Amino acid sequence: MRLLDARRLTGVNLDLDGPGAIAEVEFEAGDDVARAVAAWQDAVARAARLLGWDAPTVVRRWLGDRGAALVFPAPADALYVAVDVTEWAVECAQRALVGEPPRELDELAPTLLAARERERLAVLPALQAAAEAHGVPLLLDDDHLSLGEGARSRVWPRALAPAPADVPWDSLRPIPVALVTGTNGKTTTARLLARIARTAGHVPGNTSTDGLAVAEQVVETGDWTGPGAARIVLRDPRVTFAVLEVARGGILRRGLAVDRCDAACITNVSADHLGEHGIDDLAAMARVKAVVTRVVAPHGRIVLGADAPIAVPGPSDMSPGTLAPEHVPSDMPRQPSPVASATPQPNPLLDLPADAFPAPVVWFSRDPQHPQLQRHRAAGGEVWFVSAAGQLTRGRGGEPDVAVVAIDELPFCFGGAATHNVANALAAAALAAAVGLPDAAIAAGLRSFVDNPGRAQLVALDHAKLFLDFAHNPAGIAGLAPLLAQIRAGARLLVSLGIAGDRRDDDIRDIARAVASLGPDLVLTRDLEHYLRGRAPGEVPALLERSFEGLGIACERVESEVAAIRRGLEWARPGDVIAILVHVDRDEVWAELRARGVAPEADEDRSGRPGAT
């Protein structure tokens, strides 16, 4: 038995409805798993009695008993001590497996008790009770305590947290909060909702994979999808509306920053990051994403995507002959194979226990005839879809449909060819309606959304078209097929990509097949040097290259995204398309584009409007 990680859980998470501690362990062949778990549980119980806690344990065993998550709740001001406890309890389990007596708690007790007193915030229980009585959110971290949210909040240094009698309760309130998660589309959906909220007169605070923004102005760049980013937004005195992107990793590693919100959305769930933290299949991943639904207030709404993940052809469905027929000359553009539109996969969101949700569900789909939408509406529920007339439309029970805006009017939807962005628009509109934003603001906000940095950006560059997108998993990449087919319009396609090293070999092969489904004429592979994550330099590109070689697709290696653009321009004929996927080197790419005369301020040219290039 080996300890992989022990850490704090600072909020609602997959295993608990509040803070606690988690130990992730890996078992070895021959380990008596039941004995190890029982020894850990017994040790936790003894330590909890010492500290005066009620700490019922949760054990989430991983597929094939290769490991487990060992979890227990703890006070919010005792999480470091709780980690000490679980590390000691794991040591007790390890000793039990080899027949050794556990390390006596008496040896550790003075250290634990002293650490508990150093970490304790004496006023916290009274403040928590008073905040709940006043309906005021409370946020706590290592440095600060805050009450209220955004423009209706106040922040104190943790060490100077006030007594309840000294808090100006009448000035503190929650603000509208929406959570957005899913495998693909989170960032765009969050940006769209922030634009709608701003159009409606709010000052939105927005966290995302790309950064932290207030009033749509970037405050910090980087991956800001964890609870720390959420607390920054929720403590900003300018913010009147919070849109928080919530990633899988943050949910599993720390939990949520909030214990209540007004709406939550799961855009979709498809294969990505499987095999980490004991999450091995789509059903388990859907349960991770569904953590956001547990904090939705009863008056709120839970927005779910009904469309199935895009299926990528399996190894037996793809061959060099499939993708490059012998009768097609090698210099002719290769178009996507019909096999790329493989049969849809099951949608794990459809299997979530909707009767256990704390708030009503709203389903969305591009297809107005989707069976889930039909069933839900027949039961009186709300649905969002694209009508036969091409209108983004709301339906509710037996009420007449309400057309909100035409898809053709939304620049980022490429006239409907960007089907993934059509889905994102539906999700954002459903969220906006769920928090009471008017239809006029929804329509105006979506119409005005022109620039979406790093997502479906189209740039006229010399004699070619440059397409930039963050698509990084099989469903996200394969979902670009109709859009790239429209953009290339019979011309050739070059695709450049790199993959983070924490993907399994089979996942990387699936990504190669997804790229192949786009019908590329040349593929450029590259390392993501900041995302090697345990892989040797060159290991992931080599795996991709072997996959493309087996599929009969020409492949070369480049050092960076900028090198891919330069190589692409050497290769391209007039009208050809250079697609940079898993686009992460934004600053370097735009420095290169500016040097070539492309102005980043020319948003109209980068919006994805049909015919913009």
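See the structure printed just above.
Now for a quick tour of the structure. (Residues numbered from 1 in each chain as written. Predicted model: local features only at pLDDT ≥ 70, side-chain atom pairs only at ≥ 80, totals over all residues. Heavy atoms only, no water.)

**Quick word on the overall build of the protein**
Part 1 of the reasoning: Each helix and strand counted, the protein has 18 helices and 24 strands in total.
Part 2 of the reasoning: Taking 25 Å as the expected radius of gyration for a compact globule of 613 residues, we find that the protein reaches 26 Å, a close match to that expectation.
Part 3 of the reasoning: For the protein, the spread of C-alpha atoms along the three principal axes comes to 80 × 60 × 50 Å.
Part 4 of the reasoning: Split into buried and exposed, the 613 residues of the protein put 57% on the buried side.
Part 5 of the reasoning: Sequence-distant contacts in the protein: of pairs separated by 6 or more residues, those separated by 24 or more amount to 69%.
Part 6 of the reasoning: Roughly 24100 Å² of accessible area belongs to the protein as shown, and the carbon and sulfur atoms make up 51% of that amount.
Part 7 of the reasoning: Charge separation in the protein, taken as the distance between the mean sites of 61 positive and 80 negative side-chain charges, equals 2 Å. (Helix = DSSP H or I, 4+ residues; strand = E, 2+ residues; numbered from the N terminus. Rg over C-alpha atoms; globule rule 2.2 N^0.38 Å. Buried < 20%, exposed > 50% of the residue type's maximum accessible area, 1.4 Å probe, protein only. Contact = heavy atoms within 4.5 Å. Areas by Shrake-Rupley, 256 points an atom, 1.4 Å probe, with all protein chains shown as cover. Lys, Arg positive; Asp, Glu negative; His and termini not counted. Charge placed at Lys NZ, Arg CZ, Asp CG, Glu CD.)

**Here we look at the nonpolar core**
Part 1 of the reasoning: Counting 49 residues, the largest nonpolar core has Val177, Leu179, Leu244, Leu256, Ile266 and Val292 as the members making the most contacts within it.
Part 2 of the reasoning: The leading source of residues in this core is helix H8 (residues 282-289), at five residues.
Part 3 of the reasoning: Among all residues touching Val292, those that are not within four sequence positions of it are Leu179, Thr181, Val246, Ile251, Leu256, Ala264 and Ile266. (Core = buried A, V, L, I, M, F, W, Y, C linked by side-chain atoms within 4.5 Å.)

**A closer look at the packing of helix H5 (residues 186-199) against helix H11 (residues 419-434)**
Part 1 of the reasoning: Running from N to C, H5 and H11 cross one another at 45 degrees; their axes reach a closest spacing of 9 Å. Taken together, H5 and H11 sit at an angle that is classed as oblique. In this structure, the crossing between H5 and H11 has a hand that is right-handed. Residues Thr188, Thr189, Leu192, Leu193 and Ile196 of H5 pack against Asn421, Asn424, Ala425, Ala427, Ala428, Leu431 and Ala432 of H11.
Part 2 of the reasoning: The residue makeup of the contact of H5 with H11, split by class, is eight nonpolar, four polar and no charged. (Axes fitted to C-alpha atoms, helices over the stretch in contact; angles between N-to-C directions. Parallel < 35°, antiparallel > 145°, perpendicular 65-115°, else oblique. Left-handed = near helix turned anticlockwise from the far one by under 90°. Nonpolar A, V, L, I, M, F, W, Y, C, P; charged D, E, K, R; others polar.)

**A few points about the sheet that holds strand E3 (residues 58-61)**
Part 1 of the reasoning: What the four strands build is an open sheet, ordered E1-E2-E4-E3; its pairing is antiparallel. The sheet is open, and its two edges are formed by strand E1 (2-9) and E3, each paired on a single side. Each strand axis lies, on average, 15 degrees off the axis of its neighbour in the sheet, ignoring direction.
Part 2 of the reasoning: The sheet contact formed by E3 and strand E4 (residues 67-73) spans four bridges and is antiparallel. Across the sheet, the residue bridging to Arg61 is Ala68, located in E4.
Part 3 of the reasoning: Together, E1, strand E2 (20-26) and E4 form the strand contacts of helix H2 (residues 79-97), whose direction differs from that of E1 by roughly 160 degrees. (Pairing = 2+ DSSP bridges.)

**What about the sheet that holds strand E22 (residues 522-525)?**
Part 1 of the reasoning: One open sheet holds the six strands; their spatial order is E19-E20-E24-E21-E22-E23, and the pairing between them is mixed. Because the sheet does not close on itself, it has two edges, and the strands there are strand E19 (457-461) and strand E23 (555-557). Ignoring which end each strand starts from, the neighbouring axes of this sheet average 20 degrees apart.
Part 2 of the reasoning: Sheet contacts for helix H17 (residues 561-571): E19, strand E20 (464-468), strand E21 (493-497), E22, E23 and strand E24 (577-580); angle to E24, the most-contacted strand, approximately 165 degrees.

**Considerations on the pairing of strand E6 (residues 144-147)**
Part 1 of the reasoning: Relative to E6, strand E5 (residues 138-140) is paired through three bridges, and the arrangement is antiparallel. Bridge pairing links Leu140 to Leu145 in E6.
Part 2 of the reasoning: If you look at the hairpin formed by E5 and E6, you'll find three residues sitting between the two strands.
Part 3 of the reasoning: As paired elements, E6 and strand E7 (residues 154-157) share four bridges and run antiparallel to each other. The residue of E7 that forms the bridge with Leu147 is Arg154.

**Side note on the pattern of salt bridges**
Part 1 of the reasoning: Within this structure, the stated rule accounts for 45 salt bridges.
Part 2 of the reasoning: Between Arg7 and Asp5 there is a salt bridge, with the nearest N and O atoms lying 2.8 Å from each other.
Part 3 of the reasoning: For Asp5, a relative accessible area of 31% puts it in the partly exposed group.
Part 4 of the reasoning: With a closest N to O distance of 2.6 Å, Asp210 and Arg455 form a salt bridge. (Salt bridge = Lys/Arg side-chain N within 4 Å of Asp/Glu carboxyl O.)

**Let's talk about unusual backbone geometry**
Part 1 of the reasoning: With a phi close to 55 degrees, Ala215 is a non-glycine residue in the positive phi region.
Part 2 of the reasoning: Assignment of secondary structure puts Ala215 in the loop between strand E10 (211-214) and strand E11 (217-221).

**Looking at the packing of aromatic side chains**
Part 1 of the reasoning: Taken as a whole, this structure holds two aromatic pairs when the rule is applied.
Part 2 of the reasoning: Taking the centre distance of 6.3 Å and the plane angle of 45 degrees together, the rings of Trp40 and Phe72 count as tilted. In this pair, Trp40 sits in helix H1 (residues 33-51) while Phe72 sits in strand E4, placing the two residues 32 residues apart along the sequence.
Part 3 of the reasoning: Of note, Arg492 hangs over the ring of Trp571, and the distance from its end group to the ring centre comes to 4.0 Å. (Phe/Tyr/Trp six-rings, centres within 6.5 Å; stacked < 30°, edge-to-face > 60°. Lys NZ or Arg CZ within 6 Å of the ring centre and 35° of its normal.)

**Re the state of the cysteines**
In a disulfide, the sulfur atoms of two cysteines are held together by a covalent bond.
Part 1 of the reasoning: Per the counting criterion, the structure on display carries zero disulfides.
Part 2 of the reasoning: With no disulfide partner, Cys413 has as its closest neighbouring cysteine sulfur the one in Cys265, 15 Å distant.
Part 3 of the reasoning: With relative accessibility at 0%, the residue Cys413 sits in the buried group. (Disulfide = S-S within 2.5 Å.)

**Section: helix H12 (residues 439-447)**
Part 1 of the reasoning: For H12, the set of buried residues is Ala441, Ile442, Ala443, Gly445 and Leu446.
Part 2 of the reasoning: In this fold, the buried residues of H12 make contact with H5, strand E17 (391-396), strand E18 (402-406) and H11.

**Digging into the packing of H2 against helix H3 (residues 105-119)**
Part 1 of the reasoning: The interhelical angle for the contact between H2 and H3, taken along N-to-C directions, is 165 degrees, at an axis separation of 9 Å. What the angle tells us is that H2 and H3 run roughly antiparallel. Note that H2 runs across H3; the crossing there is right-handed. Contacts from Leu79, Tyr80, Val81, Asp84, Val85 and Trp88 in H2 reach Leu105, Leu108, Leu112, Ala115, Arg116 and Glu119 in H3.
Part 2 of the reasoning: Residue composition of the contact of H2 with H3, by class: nine nonpolar, no polar and three charged.

**What to know about the environment of Ala96**
Part 1 of the reasoning: You can see Ala96 is positioned in helix H2.
Part 2 of the reasoning: Since its relative accessible area comes to 12%, Ala96 is described here as buried.
Part 3 of the reasoning: In this structure, Ala96 is in contact with Arg35 and Ala39, ignoring residues within four places of it in sequence.

**A word on the environment of Gln345**
Part 1 of the reasoning: Summarising the element assignment, Gln345 is placed in the loop between helix H9 (320-323) and strand E15 (361-364).
Part 2 of the reasoning: Residue Gln345 is classed as partly exposed on the basis of its relative accessible area, which comes to 30%.
Part 3 of the reasoning: C-alpha separation for the pair Gln345 and Pro309, spaced 36 residues apart in sequence, amounts to 5.7 Å.
Part 4 of the reasoning: Non-local contacts of Gln345, meaning those with residues more than four positions away in its chain, are made with Leu282, Ala308, Pro309, Ile310 and Ala311.

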